[in-house]
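Fold and contact review
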Amino acid sequence: MDKVGRYEFMAEPFHCDYSGRLFMGHMGNHMLNAADFHSSARGFGMQYLMTIHRSWVLSRLAIEMTEMPMQYTRFNVETWVESAMRYFTSRNFSVVGHDGHIYGYGRSIWAMIDTETRQPTDIYAIDNGAIEQWIVGDEPCPIDKGGRVKMSDQAELVRTIDTYYNDVDINGHINSVKYIEHVLDLWPLEWYREHSIRRFEIAYVAEAHAGDTLSFYREQSADGAYCIRIVRTDGTETCRAKVTFTQP
């Protein structure tokens, strides 16, 4: 079995925006599915981990695209483990057309938690550290790893939303991809007629659950770049995101 996994997806029409291109949220979802397919086939996926009260939790995700696939286009998401430590592992992605065209790349960091205590647990305790044999340190992923999203206290509160059944995932907290969708909804449709998403990055800090109210604070950090802070009902910050737009 190859260390790099390759999984085919299609830009289904109802997963595409008004322009006929795949939504960023669905691209993120395809990457997370590819990660699960890859880890499950190699013995450290969610299906097995749930039997021993463990789970992968996404800590950081960065997606940088030069182009989104058009509706009905079939493409591959390639994924591999770049490195692993006791509590965190980094996993990369590339999005490749059947003709070899590169649509973009992704970088992610994951933690393994105990589903009963919700605390980080030792990745190397799983199958005597079997993840080590799947590490690929020399596969190129030519996008920035990203860093801490810095924001001031002057960020503007732009929206507050409630959370419901459809926001919750298998881990019982607000779904990682739902955060992406909620963040990108902070701009109106008219904005997207003149701007394209070049890069989206998000860092997850604390869990939120169904029934929590999420408040979104936004601040422009540079030309075309915006930082977002999301705070749950009790005032705890759940995550920070950064979106970089380009214009045609």
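In this report, the structure presented in the accompanying data block is examined. Each chain carries its own residue numbering, running from 1 in the direction its sequence is written. This being a predicted model, a pLDDT of at least 70 is required before a residue's local features are given, and a value of 80 or more before pairs of side-chain atoms are given or counted; all residues contribute to the totals for chains, interfaces and linings. With hydrogens and water excluded, all non-hydrogen atoms of the structure serve as input to the side-chain values.

1. Brief notes about the packing of aromatic side chains
The relation between two aromatic rings is expressed through the spacing of the ring centres and the mutual angle of the planes. By convention, a stacked pair of Phe, Tyr or Trp rings (six-membered ring in the case of Trp) has centres within 6.5 Å and planes under 30 degrees apart, an edge-to-face pair has planes over 60 apart, and any other such pair is tilted. For the structure on display, the rule yields 10 aromatic pairs. On the basis of an interplanar angle of 70 degrees and a centroid distance of 5.5 Å, the ring pair of tryptophan 187 and tyrosine 226 is categorised as edge-to-face. Of this pair, tryptophan 187 sits in the loop between α3 (176–184) and α4 (189–194) while tyrosine 226 sits in strand β9 (residues 225–231), and the two are 39 residues apart along the sequence. Each residue is assigned to one of three classes by its accessible area relative to the maximum for its type, calculated with a 1.4 Å probe on protein chains only: buried under 20%, partly exposed between the two thresholds, exposed over 50%. With a relative accessible area of 7%, tryptophan 187 lands in the buried category. Classification of tyrosine 226 by relative accessible area gives buried; the value is 12%. When the centroid spacing of 6.0 Å and the interplanar angle of 65 degrees are considered together, the rings of tyrosine 192 and phenylalanine 245 count as edge-to-face. In this pair, tyrosine 192 sits in helix α4 while phenylalanine 245 sits in strand β10 (residues 237–246), placing the two residues 53 residues apart along the sequence. Exposure remark for tyrosine 192: the relative accessible area of 18% places this residue in the buried category. Through pairs of rings, three or more aromatic residues link up here, namely Trp187, Trp191, Tyr192, Tyr226 and Phe245. Working rule: Lys NZ or Arg CZ, within 6 Å of ring centre, within 35 degrees of ring normal, means a charge sits over the ring. The cationic tip of arginine 218 hangs over the ring face of tryptophan 187; the distance from NZ or CZ to the ring centre is 5.0 Å. Put simply, DSSP H or I for four residues or longer makes a helix, DSSP E for two residues or longer makes a strand, and each gets a number counted from the N terminus.

2. A few points about a nonpolar patch on the surface
Excluding any residue in a salt bridge, patches collect residues exceeding 30% relative accessible area, merging like charges within 9 Å and nonpolar Val, Leu, Ile, Met, Phe, Trp and Tyr side chains within 5 Å. The Shrake-Rupley method, run with a 1.4 Å probe, gives the accessible areas here. Residue values count only the displayed protein chains as cover. In what follows, salt bridge is the name for a side-chain nitrogen of Lys or Arg lying within 4 Å of a carboxyl oxygen of Asp or Glu. Together, Met85, Tyr87, Phe88 and Ile109 give the surface a local cluster of nonpolar side chains, amounting to about 350 Å² of exposed area. For isoleucine 109, the position within the fold is in strand β5 (residues 102–114). In this structure isoleucine 109 comes out as partly exposed when scored by relative accessible area, which is 31%.

3. Remarks on the layout of surface pockets
Taken as a whole, the largest pocket encloses approximately 940 Å³ of empty space. Taken together, 40 residues line the largest pocket, and the ones lying closest to its centre are Trp56, Val57, Leu58, Asn171 and His173. Sorting the residues of the lining of the largest pocket by element identifies α1 (24–41), α2 (46–51), β2 (54–65), β4 (88–97), β5 and α3 as the ones contributing at least two each. Sort the elements by how many residues they give to the lining of the largest pocket and α1 lands first, with 6 residues. Residues that form the lining of the largest pocket fall into these classes: 23 nonpolar, 12 polar and 5 charged. Cavities and pockets were defined on a 1 Å grid built from protein atoms only: a cavity is a group of points that admits a 1.4 Å probe but offers it no way out, a pocket is an open group of points flanked by protein on both sides within 12 Å along at least five of seven lines, and a lining residue is one with an atom within 4 Å of any such point. Grid points are joined across faces, edges and corners, and a volume is the space filled by probe spheres set on the points. There is about 710 Å³ of room inside the second largest pocket. In this classification, Asp, Glu, Lys and Arg are treated as charged, Ala, Val, Leu, Ile, Met, Phe, Trp, Tyr, Cys and Pro as nonpolar, and every other residue, Gly included, as polar.

4. Remarks on the sheet that holds strand β6 (residues 156–162)
One open sheet holds the 10 strands; their spatial order is β1-β3-β4-β5-β2-β7-β10-β9-β8-β6, and the pairing between them is antiparallel. The outermost strands of the open sheet, each flanked by one partner alone, are β1 (5–10) and β6. Between one strand axis and the next, the sheet turns by 25 degrees as a mean value, whatever way the strands run. A pair of strands is labelled paired if DSSP reports no fewer than 2 bridges between them. The pairing of β9 with β10 spans 7 bridges and is classified as antiparallel. When the bridges of β10 are listed, tyrosine 226 appears paired with valine 243. Contacts are residue-level and defined by heavy atoms, with any inter-residue pair within 4.5 Å sufficient. Only C-alpha atoms enter the line fits that serve as axes; for helices the fit covers just the stretch in contact. Angles between N-to-C directions range over 0 to 180 degrees. Sitting on the sheet, α1 is in contact with β1, β2, β3 (74–84), β4, β5 and β7 (196–204), with an inclination near 60 degrees to β3. In the packing of α3 onto the sheet, contacts are made with β2, β6, β7, β8 (213–222), β9 and β10, and the angle to β7 comes to roughly 130 degrees.

5. Observations regarding the state of the cysteines
In this description, a disulfide is simply a cysteine sulfur pair whose atoms lie within 2.5 Å. Summed over all chains, the structure comprises 0 disulfides. Take cysteine 227: it sits in no disulfide, and the sulfur closest to it among the cysteines is that of cysteine 239, at 13 Å. Note on cysteine 227: relative accessible area 3%, which makes it buried.

6. Digging into empty space enclosed by the protein
For the structure on display, the rule yields 1 cavity of 30 Å³ or more. Space inside the largest cavity adds up to approximately 50 Å³. Together, Arg42, Gly43, Phe44, Trp56, Met112, Ile123, Ile126, Asp127, Ala130 and Ile131 line the largest cavity. The residue inventory of the lining of the largest cavity, partitioned by class, reads 7 nonpolar, 1 polar and 2 charged.

7. A look at the pairing of β2
Among the 12 residues of β2, 10 are classified as buried, and the element is accordingly described as predominantly covered. Bridge count between β2 and β5: 11 bridges; the pairing is antiparallel. Residue serine 55 lies in a different strand from β5, and its bridge partner there is isoleucine 113. Where β2 and β7 come together, 5 bridges link them in antiparallel fashion.

These values are about where atoms sit, not about what they do.
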